[in-house]
Amino acid sequence: MTHKILINISVISIFAIQPFSANAVTKCVNLNNAATCTKTMGTMGQYDWAVNCGGTEIRGIGVCGTNDDNLSTAQKTDILNTKASDNTFCYCKMTSPTVSQWVFAIDIGPGCPVMCMQTCLNSFLMDTNKVVRDALLSGPFSD
């Protein structure tokens, strides 16, 4: 006689489905315009730079473009011209702890690709270029 064993296995999974909402994340950072800053990253001829200002690390990039009409040019796709010698206008952008809009720094001339990052970095290290620093820290910020 053959014995049949019926095994009934029931697996019950309970998923708690909660509605997802689009809540924004807010991060408060003390970015003091008067804080003394020290360089933590930045090599001549590169794009990336970083400083530590009163315990807060600020990172950014410096890029050269073809026009000096301030923020509007830097937001367009023509910020970098394929002919490097035409890219004489330096723009700075903060990338952390928040992302700023592009800020026009200076018309450096043909040496812009080598000097732009240093110009952005110096806006945090030297008292002589606080206009760029203030613009980066006071917004407007990107989404």
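Sequence order as written defines the numbering, with residues in each chain counted from 1. This being a predicted model, a pLDDT of at least 70 is required before a residue's local features are given, and a value of 80 or more before pairs of side-chain atoms are given or counted; all residues contribute to the totals for chains, interfaces and linings. With hydrogens and water excluded, all non-hydrogen atoms of the structure serve as input to the side-chain values.

Novice: Go over the sheet that holds strand β5 (residues 103-107) with me, naming the residues and quoting the values.
Specialist: A pair of strands is treated as paired once DSSP finds two or more bridges between them. In this text, helices come from DSSP runs of H or I with a minimum length of four residues, and strands from runs of E with a minimum of two, each type numbered from the N-terminal end. Taken in spatial order, the 5 strands line up as β1-β2-β3-β4-β5 in an open sheet, and their pairing is antiparallel. At either margin of the open sheet sits one strand with a lone partner, and together these are β1 (37-42) and β5. Across the sheet, the mean angle from the axis of one strand to that of its neighbour is 30°, orientation sign disregarded. Note: β1 against strand β2 (residues 48-53), 5 bridges, orientation antiparallel. The partner of C37 across the bridge, within β2, is C53. Working rule for contacts: check all heavy atoms of both residues, and any pair within 4.5 Å makes them a contact. Note on geometry: axes are C-alpha line fits, over the in-contact stretch for helices, and angles between N-to-C directions span 0 to 180 degrees. In the packing of helix α2 (residues 112-125) onto the sheet, contacts are made with β1, β2, β3 (56-65), β4 (89-96) and β5, and the angle to β2 comes to roughly 10°.

Novice: So what's going on with α2? Which residues, and what values?
Specialist: Under the convention used throughout, the expected extent of a helix is 1.5 Å for every residue step, that is, one less than its residue count. Here α2 contains 14 residues, and its C-alpha end-to-end distance of 19 Å stays within 8% of the 20 Å for a straight helix at 1.5 Å per residue. Burial here depends on accessible area, computed with a 1.4 Å probe over protein chains only, as a share of the maximum for the residue type. Under 20% is buried, over 50% is exposed, and the range in between is partly exposed. Listed in full, the buried residues belonging to α2 are C112, C116, M117, Q118, T119, C120, L121, S123 and F124.

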